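Listed here are the chains, written in short residue letters.
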Amino acid sequence: MAFKLYNSLSRRTEAFEPADGETVRMYSCGPTVYNYVHIGNLRTFAFQDILRRHLRQSGWKLRHVMNVTDVEDKIIAAAARKGVPIGDYTRQFVDAFFEDCRLLRLERPDEVPAATDHIPEMITLVKRIERAGHTYRNAGSTYFRIAGWERYGRLSRLEASGIKAGARVDADEYDKEDARDFVLWKAARDGEPSWQSPFGPGRPGWHLECSAMAMAYLGETFDIHTGGVDLQFPHHENEIAQSESATGRPFVRFWVHAEHLLVDGKKMAKSMGNFYTLRDLLDQGWSPDAIRYLLVATPYRKQLNFTFDGLRGAAKAIERLRNFGRRLDGTFAAPHSEASTGMFEAALAQYRSALDDDLNTAGALGAVFEYIRSAHAAMDQGAFGPRNAAEGRRLLAEFDAVFDVMEPASLERLASERIDELVRERAAARKARDFARADAIRNSLAESGVALRDTPNGTEWHYMD
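As the structure is a prediction and not an experimental result, all values here were calculated from the model.

### Let's talk about the pairing of strand β14 (residues 450-455)
- One ladder, built from 6 bridges, connects β14 with strand β15 (residues 458-463); its direction is antiparallel. Opposite Arg453, over in β15, you have Glu460 as the bridge partner.
- Hairpin connection of β14 to β15: 2 residues between the antiparallel strands.

Dropping the structure here:
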C-alpha cells in the first residue's frame, strides 16, 4: 500500500512520494520563543516526529528543516519589559524547547535555522517580490498587496474579497493601503532591533521569515510543509502568496496540518486554569513516556482531548507493551506455531497499512495491541515457540522505531543526597535569574525519574512511579 497523506491544499488524501523519488524535503513551523511551549504546541511537534520517523521507515531519505522564530512582536515586547536584548531573552526558551523535545524523544530536524541568522535571505526575497510587482511601501514599511495576487485563499478557502477591511489579518499596527495586506518588512521603531536593507532600516515580518528559510534550505518547491491547523490562515496562506509571487513556481506540494488540542473538552487557556506546559506535567509526577504516548495516540487530524484519565490510560498502555516485551524475552519450549505466525503477519500488515493511511496512529496501536492479546493467549495455550517470539520482537521493534515508548525515560534512580544537591543548585540558579540552567536541572532530574514541585516553602521532590 502506498503512503497516503491528507493535503490541506487539495482537501484530499493523496498518494505521497518525494518529488525526486528518493529524499523527502520537509519544512515545519517551529516555536516562537517568547515563552515555554505548551502541550498544544507539543502535540504538533510530536505529530511531526511520527511523520518523519514513518517517512524514513518507508525507505525514503529525509531532509527536515524547522525554524526558530527569535524576532517577533511578542519577543520584542517581552524583552523590553525585562530590559534585556532579545537574544538574551530568547536563549532560555530555545534551550527549554529542545529540552522538552529531548524528554519527549522528538528527533531533532536536520536543520534548525533561527530567523535572526537569515536576514539577508529575507531581504533578497522581498526584493524578488518587489520586482514581480506585488509590493508597496508606506512609512518605511513594505507590504504585500493581496489584491494583486488572484490565487490568494487557495489553502484556507478564503476569497481575498471576502476578507473585510479592518479584519485582524496582521496584528502589527502599521499603515496599509488595505487591511487585508500583510507586512513583509517593518520600519524600524525606537528601542526595537533593526537591520539595514534597501527598503530602509527595519526587521522582517513573521510570514516572510518562514518562506525565506524554507527556500534557503529546501529550494523553491519542496514536498511537505507541516504546522498546526491554526497556522493555515493567515500564516501559511501568506507564505504561499509571497513565495509563489517571487518564484512563479508552486511553493509546497503537500500542506499537512495537525488539529487542536483540548483539555477536558475545552480550549486550553490560562484564564481557564487548564493551561499546561511539559514542566507543569512533570512537576505533577507524570512520565515523559506517558505524555508522548497520549500526544500521538490520536490521529493528527482529529482533535485530541487531553485529560488526566487519558494520561493514566497511556501509562497503563505502555506498561502492557513493556510487559509483553519482557515476556517475549523468556524461554519458549513449545514448537513453532504457524497460527501464531499468521497472527504476526496480519498484525504487521495492519500496522503498516494504518500508518500508510494518513498516519492513522490509533489504527496502528490497535493492530499491535490486538496482536499482544492474541499472542498472550497463544503462549498460555502452548502455541508459541521461539520463532514466534522472534516475530513478536520484530513487530515491537518496528512499532517502537516510530512510537518510541518501550524504554523507560530512566532506568536508575538518583540517590536522595544527589537530588538534594541538584535542587539546591537549581534554587541558586533561579535566584541568579539563570533560568536556562534551572530548567536544565529540572529536566535532567525528570529524565532520571524525579519530579519537582515548587511551593511557598521551597522545592519538594518525589520519584516518578
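### A short note on empty space enclosed by the protein
- Counted under the stated rule, the structure contains 2 cavities of 30 Å³ or more.
- In this model, the largest cavity occupies a volume close to 80 Å³.
- What lines the largest cavity is simply Arg43, Phe47, Ile50, Leu295, Val296, Thr298, Pro299, Tyr300, Leu359 and Thr361.
- Breaking the lining of the largest cavity down by element, the ones donating at least two residues are α1 (39-57) and α8 (288-297).
- Considering each element in turn, the lining of the largest cavity owes the most residues, 3 residues, to α1.
- Tallied by class, the residues present in the lining of the largest cavity amount to 7 nonpolar, 2 polar and 1 charged.
- Each of domain 1 (14-258) and domain 2 (266-403) contributes no fewer than three residues to the lining of the largest cavity.

### Some words on the pattern of salt bridges
- For the structure on display, the rule yields 37 salt bridges.
- Among the salt bridges present, the one from Asp439 reaches Arg442, with a minimum N-O distance of 3.9 Å. In this pair, Asp439 and Arg442 are both assigned in helix α14 (residues 435-447), 3 residues apart and thus about one turn of the helix distant.
- Through salt bridges with shared partners, a single ionic network connects Asp49, Arg52, Arg53, Arg56, Arg105, Glu107, Asp289, Arg292, Arg322 and Asp404.

### Some details on the state of the cysteines
- Tallying each qualifying case throughout the model produces 0 disulfides.
- Take Cys29: it sits in no disulfide, and the sulfur closest to it among the cysteines is that of Cys210, at 4.0 Å.
- The exposure class of Cys210 is buried, given its relative accessible area of 1%.

### With respect to the environment of Leu51
- Mapped onto the elements of the fold, Leu51 is located in helix α1.
- A relative accessible area of 0% means that Leu51 is categorised as buried.
- For Leu51 and Thr226, which are 175 residues apart along the polypeptide, the C-alpha to C-alpha distance reads 9.8 Å.
- When near neighbours in sequence (up to four residues on either side) are disregarded, Leu51 contacts Phe3, Leu5, Met26, Ile224, Thr226 and Leu359.

How each quantity is defined
- Residues numbered from 1 in each chain as written.
- Predicted model: local features only at pLDDT ≥ 70, side-chain atom pairs only at ≥ 80, totals over all residues.
- Heavy atoms only, no water.
- Pairing = 2+ DSSP bridges.
- Helix = DSSP H or I, 4+ residues; strand = E, 2+ residues; numbered from the N terminus.
- 1 Å grid on protein atoms, 1.4 Å probe; cavity = no way out; pocket = protein on both sides within 12 Å on 5 of 7 lines; lining within 4 Å.
- Points joined across faces, edges and corners; volume = space filled by probe spheres on them.
- Nonpolar A, V, L, I, M, F, W, Y, C, P; charged D, E, K, R; others polar.
- Domains from an automatic or database assignment.
- Salt bridge = Lys/Arg side-chain N within 4 Å of Asp/Glu carboxyl O.
- Disulfide = S-S within 2.5 Å.
- Buried < 20%, exposed > 50% of the residue type's maximum accessible area, 1.4 Å probe, protein only.
- Contact = heavy atoms within 4.5 Å.

These results come straight from atomic positions and should not be treated as a statement about function.
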